[in-house]
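Descriptive structure summary
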4 protein chains.
Amino acid sequence: MGIMRLGRVELRVMELEKAVDYYKNVIGLEETGRSEGRVYFKAWDEWDHHSIILKEADAPGLEHFGFKVEKLEDLAVLEKRIEQFGCTVRRVSNGTRLGEGQAVRFILPTGHTAEIYHDIDCLGKAVGTLNPHPWPDNTRGIAPHALDHVLLTGDDVETVTRFFMEALDFRQSEKIMTVDGETMVGSFLFKANKAHDLAFIKGPDNKLHHAAFHVDNWYDVLKAADILTRNDVQIEVTPTRHGITRGETIYFFDPSGNRNEAFASGYIAYPDIPTITWTEDKIGQGIFYHRRELIESFVKALT
Amino acid sequence: MGIMRLGRVELRVMELEKAVDYYKNVIGLEETGRSEGRVYFKAWDEWDHHSIILKEADAPGLEHFGFKVEKLEDLAVLEKRIEQFGCTVRRVSNGTRLGEGQAVRFILPTGHTAEIYHDIDCLGKAVGTLNPHPWPDNTRGIAPHALDHVLLTGDDVETVTRFFMEALDFRQSEKIMTVDGETMVGSFLFKANKAHDLAFIKGPDNKLHHAAFHVDNWYDVLKAADILTRNDVQIEVTPTRHGITRGETIYFFDPSGNRNEAFASGYIAYPDIPTITWTEDKIGQGIFYHRRELIESFVKALT
Amino acid sequence: MGIMRLGRVELRVMELEKAVDYYKNVIGLEETGRSEGRVYFKAWDEWDHHSIILKEADAPGLEHFGFKVEKLEDLAVLEKRIEQFGCTVRRVSNGTRLGEGQAVRFILPTGHTAEIYHDIDCLGKAVGTLNPHPWPDNTRGIAPHALDHVLLTGDDVETVTRFFMEALDFRQSEKIMTVDGETMVGSFLFKANKAHDLAFIKGPDNKLHHAAFHVDNWYDVLKAADILTRNDVQIEVTPTRHGITRGETIYFFDPSGNRNEAFASGYIAYPDIPTITWTEDKIGQGIFYHRRELIESFVKALT
Amino acid sequence: MGIMRLGRVELRVMELEKAVDYYKNVIGLEETGRSEGRVYFKAWDEWDHHSIILKEADAPGLEHFGFKVEKLEDLAVLEKRIEQFGCTVRRVSNGTRLGEGQAVRFILPTGHTAEIYHDIDCLGKAVGTLNPHPWPDNTRGIAPHALDHVLLTGDDVETVTRFFMEALDFRQSEKIMTVDGETMVGSFLFKANKAHDLAFIKGPDNKLHHAAFHVDNWYDVLKAADILTRNDVQIEVTPTRHGITRGETIYFFDPSGNRNEAFASGYIAYPDIPTITWTEDKIGQGIFYHRRELIESFVKALT
């Protein structure tokens, strides 16, 4: 299978303790470790040691994101394909970060730093694997199931799309094209059955638009929005449906200004799904199905 | 990727027109063709020519079920692996059924007839692929998104599990074991990200327990149950949650006695998901999380 | 009991057939009659002849709204109390509008024309009253259960509140006060167990802010928003929660510019509910709990 | 208005601490006091001192239930009407139970002990009445909004219905009649806008069928069922819809065997609602809309 999923996202945050409090108590992740200025978190429905890493920095943004591959051998195979595509690659050794084995690091055509990895400590879930209850007691905050996807910006959406499809076996579920049909300005990519695992929108290179968490349903989106208001967290986009992916969503910001999403539903995709095309004149409807127009901050606030 | 999904299920039904009325107006599928005693259907969120085939017969049951593979070349590769496992294989030629290309047919260790195929006519969806609305107007009945999975019975659950994992690259998300840990009596198998695409429960060989349709959420499960009552369709299991897969569910019967399920949610699985084990003394809770015991018909009514 | 409910709202609309199409096919009301330039509608879960009347006019707005009283005798009793409060009152005779008996018409302190009435033809519901199914087949559009409430503007919110409480036995569930606590700028009034049946916000006299329809739950709010987008109806406020009443909501406009709401949930009120106070600095959160600020159109667009 | 609501239910329980643990941690009520062998509870969305009282006893059952009236003067007026109907009445003095003022106690035609009262301490809600959040942090268990209704059994359903309608101004939303139309075997009564505040089913006199708590929606019914399973509480009826009231529901038992319900939705009633009639041959569908037949325990287990 090669890449299985978006396994981790390392975010730069400015006031570490404030950020920790937010990801722990408002988002409701579990802190699983601290080391060398980094704090590690997993969601309750994840089994690996972490999916979110916070790293103290002078400015917000995406330090790196990583995909977990199914087998250790996949690393070498994909490493070669990444190099052949023309990306800079280097090995990251064992234990560079907490709980992690070695990784292959590479720079995307959009300038983002990505990794693929196989080894990471397995912590399991509170509900266990023997006759488990469906969800754990004592969750806090939004309590998403898992990290879901990231959306990044870059100047050349077509090339980065080609990279993920050719080198890493992703498929494209949806794309946004200029009205003349000439330029791809949005690209939604998935590996197996999710409507997207990763997406790119035309914009400045090496920027993060948002990191999204998976919540179960439309009521959980409401609950998430309620919790954000109670905690005085700014909600940029109140509950709505996406045209693209059909998912149910809210957008909001962490204390450093990194955008988060709580995302539910979205269709089940397969490699043979006919790719959906949105024309740029309908991008408003594609992104916010009910509002039918973009909002300025959504386009401009990048980290 | 090899196998992408459970693509089609051919059901034997006794009174064809009564069955057609049910799958069309109560389930709410779209009839896409008729030929030689068979009627073909697709759900609104599917793009292939059909996922359900009804075939008139003297007794209900599963005529065959088929998996769609990603590439035409996958057929030959998997055919060889199926043969190597020791299953009888034969090619089914183009156009044996409506809209279908050639297939590889094989007999499972449990006696069921299965196929893998790549070519099938693509009809698309009513919402189209250009700036589509999230759901079509004018759906009827339960209107599930798609065929979701089948659950079959067989004497040797372990061998058929091994077959799907070794020959066809499935993984096991959950299993039910006798209390002494010696015998596998239930096995839940998936290919990519769904909690299950296929499952086996210990029982007589070559029998169908149920074919399941995917609905979006817990409210749609309620709506489905309401529609079944209005249409005087027997509901065997009223809305509840599964312990296994955590899905939300109802079970009911088509007019010939084939069991159907409307299934929502269920977790997102990955190849590295730690397999969940249910012990047989907890099978009631595993199957019906709220009732916590099996019901007699659920074990006995097979077709 | 006196007044039982907000029973009818007569709206002025500019292009009658366009408005009829909207209330019939997008809102999903049932047309129950036409006469003398008026078209009458009821929702599927209402039994009286109509709850919405459209009247062709040169400008949008509220022609009148009416409360149904429990007993015919209530009319005379309340008529006297209305007069004693100092409002102009006159009797409207039988058959002035379709299906209606006589009514008592009066002018509110805010200039709006209101009526109380008892007699109106009873059409019943499609599901009947003998072993009924919970909901009818063949609904169209949003298909709300019923007319729910109206929100009106007026200069003197305190006096109109006092009028409804003293003359008509309403209670106040919530109020919005200026920060100095001196002036009431919002007032939410109910008769029995609903969070509001009627509300006033400080603004120009004799204006309609919105007429609201009751839908069942948060998923129905989503469905309503989806249907509005499909039908190119402008959604002013996408799905959110109210702080006031805690209801789940969307706002949108009919083709003439009258604002509609689809409203779900909201708490169960009782006469002894401690009145909730919102201070004007928190009005954003009170109205739109997630956005936490008003939007300009919401304050300015009145008919 | 006279009676406003079912304000309190006093239940006999056998092992007090076990019962307290259940109502506090599984149901999720707040303990508000203890005195003389009684423990008092309120739900988070109630403002009065208590709605549930547990009293240690040798057998489970309903010690009394009480209705709160709007005004102190209502007590004397209703007392007279109760006496005129022929029921035994006596005054219960101030402070007989914690937080309560005086009450009027009377014995129903079905033998149950009921009270009407006005004075009870007001504790308010955790969210307060100034710019409140919609729900409090830190709820436990099912966390229903409030006590909703009780269903009692009695031999003469017609007379007790007449009592509530004539003496206490209740209305009947639905009734169950024998097929010959001669005998009323079920009666659903409401005071203002709820589908029922109280109901009677033909059976032994002076027995409790269940006490119901109000939860917000169908997802909360699922959450309640999940919580009951996690806490090993027997669920008698898993999530389903009622035909009668259309509510969404589960039934389960407290540790002493008193039946509880978590009830959501149900229509908005008004005094002029056309009474719905269920014939006894359809009682299965009326009670459990999806199962369409009664279950034995539901008829037999009374306390």
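This text gives an overview of the structure that appears in the document. (Residues numbered from 1 in each chain as written. Chains lettered and ligands numbered in written order. Predicted model: local features only at pLDDT ≥ 70, side-chain atom pairs only at ≥ 80, totals over all residues. Heavy atoms only, no water.)

Glancing now at the overall build of chain A. When helices and strands are tallied, chain A shows six helices and 17 strands. In terms of overall dimensions, chain A is globule-like: its C-alpha atoms have a radius of gyration of 18 Å, near the 19 Å expected for 303 residues. Taking the principal axes of its C-alpha atoms as reference, chain A extends roughly 50 × 45 × 45 Å. For chain A, with 303 residues in total, the buried portion stands at 65%. Looking at chain A alone, contacts between residues at least 24 apart form 66% of all its contacts between residues at least 6 apart. Just so you have it, chain A exposes about 10100 Å², and 46% of that area is on carbon and sulfur atoms. Of the charged side chains in chain A, 35 are positive and 47 negative, and the gap between their average positions amounts to 1 Å. (Helix = DSSP H or I, 4+ residues; strand = E, 2+ residues; numbered from the N terminus. Rg over C-alpha atoms; globule rule 2.2 N^0.38 Å. Buried < 20%, exposed > 50% of the residue type's maximum accessible area, 1.4 Å probe, protein only. Contact = heavy atoms within 4.5 Å. Areas by Shrake-Rupley, 256 points an atom, 1.4 Å probe, with all protein chains shown as cover. Lys, Arg positive; Asp, Glu negative; His and termini not counted. Charge placed at Lys NZ, Arg CZ, Asp CG, Glu CD.)

Now for the interface of chain C and chain D. Residue-level contacts link 46 residues of chain C with 46 residues of chain D. For the pairing of chain C and chain D, the buried interface totals around 3900 Å² over both sides, and the portion due to carbon and sulfur atoms is 57%. Considering only the side of chain C, the residues that lose the most area to chain D are N131(C), R246(C) and Y270(C), jointly responsible for 16% of the buried surface there. For the pair chain C and chain D, the interface holds eight salt bridges. Across the salt bridge formed by R5(C) and D272(D), the nearest N and O atoms sit 2.7 Å from each other. Elements supplying a minimum of two residues to the side of chain C that touches chain D: strand 1 (3–13) and strand 17 (276–279) of chain C. (Buried area = accessible area lost by both parts, 1.4 Å probe. Salt bridge = Lys/Arg side-chain N within 4 Å of Asp/Glu carboxyl O.)

Here N131(B), not a glycine, exhibits a phi torsion of approximately 45°, which is positive. For N131(B), the position within the fold is in the loop between strand 8 (113–117) and strand 9 (146–154).

The computed volume of the second largest pocket comes to approximately 590 Å³. Taken together, 23 residues line the second largest pocket, and the ones lying closest to its centre are M1(C), G2(C), E70(C), M1(D) and R171(D). For the lining of the second largest pocket, a count of residues per class yields nine nonpolar, two polar and twelve charged. (1 Å grid on protein atoms, 1.4 Å probe; cavity = no way out; pocket = protein on both sides within 12 Å on 5 of 7 lines; lining within 4 Å. Points joined across faces, edges and corners; volume = space filled by probe spheres on them. Nonpolar A, V, L, I, M, F, W, Y, C, P; charged D, E, K, R; others polar.)

One pass over the full model with this rule turns up eight cavities of 30 Å³ or more. Each pocket or cavity is described by its volume, and for the largest cavity that value is around 260 Å³. Around the largest cavity, the lining is made up of 20 residues, and of these R5(A), D45(A), E46(A), A146(A) and Y270(B) lie nearest the centre. Only strand 1 (3–13) and strand 9 (146–154) of chain A provide two or more residues apiece to the lining of the largest cavity. Across the lining of the largest cavity, the residue classes tally to eight nonpolar, five polar and seven charged. In this structure, the second largest cavity encloses a volume near 100 Å³.

With their axes 9 Å apart at the nearest point, helix 4 (residues 218–230) of chain A and helix 4 (residues 218–230) of chain C run at an angle of 100° to one another. Taken together, the axes of helix 4 of chain A and helix 4 of chain C are roughly perpendicular relative to one another. The segment helix 4 of chain A lies against helix 4 of chain C, with W218(A), Y219(A) and L222(A) engaging W218(C), Y219(C) and L222(C). Each residue belonging to the contact of helix 4 of chain A with helix 4 of chain C can be placed in one class, and the counts come to six nonpolar, no polar and no charged. (Axes fitted to C-alpha atoms, helices over the stretch in contact; angles between N-to-C directions. Parallel < 35°, antiparallel > 145°, perpendicular 65-115°, else oblique.)

Honestly, it's all geometry; don't read function into it.
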